[in-house]
Amino acid sequence: MTKKRRTRFAPSPTGYMHIGNLRSALYTWLISKSQGGDFILRIEDTDQERLVEGAVQVIYDTLEMCGLDHDEGPDVGGPCGPYIQSQRLDHYRPYAEKLIKDGKAYPCFCSKERLESLAEGSDGQKSYGYDRHCRNIDPAEAQKRIEAGEPYVIRQKMPLEGETTFHDLVYGDITVKNEELEDQILIKADGYPTYNFANVIDDHEMGITHVVRGSEYLSSAPKYNLLYEALGFEIPEYVHLPLILGTDGKKLSKRHGATSFQDLVKEGYLVDAIVNYIAFLGWSPGSDTRELFTLEELRQVFNEQNISHSPAVFDYQKLDWYNAHYLQELEPEVFQAWLEPKTDAFFGDQYYNLPVLAEVLQTRVNNYQDLPEMLAFFKEVNPYDLALFSNKKQKLTPELSAEILQTIKSGLEALPEFTREQVHTLLMGLGPEHGWKTGQVMAPVRWALSGQTVTPGGGTELIMILGKEESLNRIDHALTLLSSQA
Ligand code: GLU
């Protein structure tokens, strides 16, 4: 029987959730949940200098919003706690001391200055970092120096010969020469473990079966392997995830656009769209050509064999495509709620009809950034190009346009009630009554109200969105201009 899968998402609390991190969380969740396993949240906060207030909450909130529920973690507890690395400090040193006892690690007393001079590589030799200066200090002497209070770090004794091979489920077998591996630090002079050491101990103590992380950790994996071996731990499966690049082939950064989950949400991307799109950053459902998946559907079809090792490209246009789809799927009231804060801010004191505006925008908008341009004319009509009001195809002259607008104006003023139905009936009735085509009636009203030939929504919607007063004002304005030109 295969072991129940246990995966972990181990973010450092930076205060935001980078898209790459969210992709790691999603894949880590899927790798476990597609097989009915456990998903564990561990906060890696040992880099005390980089701590950000409220940052852990950002992690909880993101996971919750995305539906990536964890079985164990700082907030929900579990049998392998604590799940916050800074609360596990007493877990690490005993392992390092055992390694010293077994001759697999050693205290190193080298000063910062000495290490810095090594880094400069003054002898011009190819250097793999630390020169193993303290590796052969007699253990009894080392013990005396420790007792005398000399500061030290604990380093792992890497094998000097041979090769280390590890298998990655995405990248296959990777082999490195042991001589290229530095005697890495396990415990720093301040007593804190290094990330490299802590993650191995934590993954072991938490029974992690699949270690899923970004490919920037690929080069560290041989070191982790040697640590697992030195400690006699079972080596987990490794799943390294491909880099995420912008469409220009450069590493995704702020230059490309929003790079954090929080910023994407602020820009109007829906969580379902983000999760669906991010699932495709390095994975595809094989022969299945569908692109739209809910999280639950992803869980059902996900298979780590289909993770690609070539870099993924983050394409904001594709994300827009997903978002447009998910926005269109929303219930009208939910779409309105998505829209309202932005349109309220945009219109300020000006009246506008939210439900009608929401209706015409729901099928047209990709994200919040689209709004200012789409909405601009509601606020202010560009100076009219009166040429708009003559159109050969529609057999419209400025005179006829003016006549139609005048008739609409009187009709609007005379409406018993300003409702969408009545406005619609009015506009539709004018053609038959006066011998005009419907298109001839609708075109000048759109031009007068918007100054454009293309608008979201037609005449009725525009009138409703702007309200009676503003619509009449705009019609009046157009009529004045048309008459001054006549
Ligand atoms: N704390 C590491 C990070 O945020 C985790 C890497 C890992 O998953 O091991 O990059």
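Everything here concerns the structure above.
Since the structure is predicted, the reported quantities are computational estimates derived from the model, not experimental observations.

> With reference to specific residues and values, describe the sheet that holds strand 4 (residues 153–156).
Strand pairing within a sheet occurs via backbone hydrogen bonds; the two strands may be parallel or antiparallel. The strand order across the open sheet built from three strands is 3-4-7, with neighbouring strands paired in antiparallel fashion. Only two strands of the sheet have a single partner each, and these edge strands are strand 3 (105–108) and strand 7 (185–187). Geometrically, the sheet is characterised by an average inter-axis angle of 40° between neighbouring strands, direction not taken into account. Summarising the sheet, strand 3 and strand 4 pair through four bridges and their orientation is antiparallel.

> Give me the pairing of strand 9 (residues 237–241): which residues, what numbers.
Among the five residues that make up strand 9, four are buried, leaving the element largely enclosed by the rest of the structure. Relative to strand 9, strand 8 (residues 210–214) runs parallel, the two being bridged by five bridges. Following the sheet pairing, arginine 213 is matched in strand 9 by histidine 240. In this view, the connection linking strand 8 to its parallel neighbour strand 9 by way of helix 7 (residues 221–231) has right-handed handedness.

> Residues and numbers for unusual backbone geometry, please.
Outside of glycine, negative phi angles account for most residues, and trans bonds account for most peptide bonds. Cis rather than trans, the peptide bond between glycine 81 and proline 82 has omega equal to -10°. When you line up the elements, proline 82 lands in the loop between helix 2 (55–66) and helix 3 (89–101). Phi is positive for arginine 132, which is not a glycine, with a value near 65°. Here arginine 132 shows up in the loop between helix 4 (112–119) and helix 5 (139–147). With a phi angle near 55°, lysine 395 is a residue other than glycine that sits in the positive phi range. Take lysine 395: its relative accessible area is 62%, and that puts it in the exposed class.

> If you had to explain the packing of aromatic side chains to someone new, which residues and values would you point to?
Tallied over the entire structure, the rule returns 22 aromatic pairs. Aromatic pair tyrosine 277 and tyrosine 322: ring centres 5.7 Å apart, planes at 45°, arrangement tilted. With tyrosine 277 in helix 9 (residues 271–279) and tyrosine 322 in helix 11 (residues 316–329), this residue pair connects regions lying 45 residues apart in the sequence. A residue is classified by how much of its surface remains accessible, and tyrosine 277, at 4% relative accessible area, is buried. Judged by centre distance (5.7 Å) and plane angle (65°), the ring pair of phenylalanine 280 and tryptophan 283 falls under edge-to-face. For tryptophan 283, a relative accessible area of 3% translates into the label buried. Taken together, Tyr27, Tyr277, Phe280, Trp283, Phe293, Phe302, Phe314, Tyr316, Trp321 and Tyr322 form an aromatic cluster joined through their ring pairs. The ring of tyrosine 27 carries arginine 23 above its face, with NZ or CZ at 5.6 Å from the centroid.

Thresholds applied
Residues numbered from 1 in each chain as written. Predicted model: local features only at pLDDT ≥ 70, side-chain atom pairs only at ≥ 80, totals over all residues. Heavy atoms only, no water. Pairing = 2+ DSSP bridges. Helix = DSSP H or I, 4+ residues; strand = E, 2+ residues; numbered from the N terminus. Axes fitted to C-alpha atoms, helices over the stretch in contact; angles between N-to-C directions. Buried < 20%, exposed > 50% of the residue type's maximum accessible area, 1.4 Å probe, protein only. Right-handed = clockwise from strand over helix to strand, strands pointing away. Phe/Tyr/Trp six-rings, centres within 6.5 Å; stacked < 30°, edge-to-face > 60°. Lys NZ or Arg CZ within 6 Å of the ring centre and 35° of its normal.

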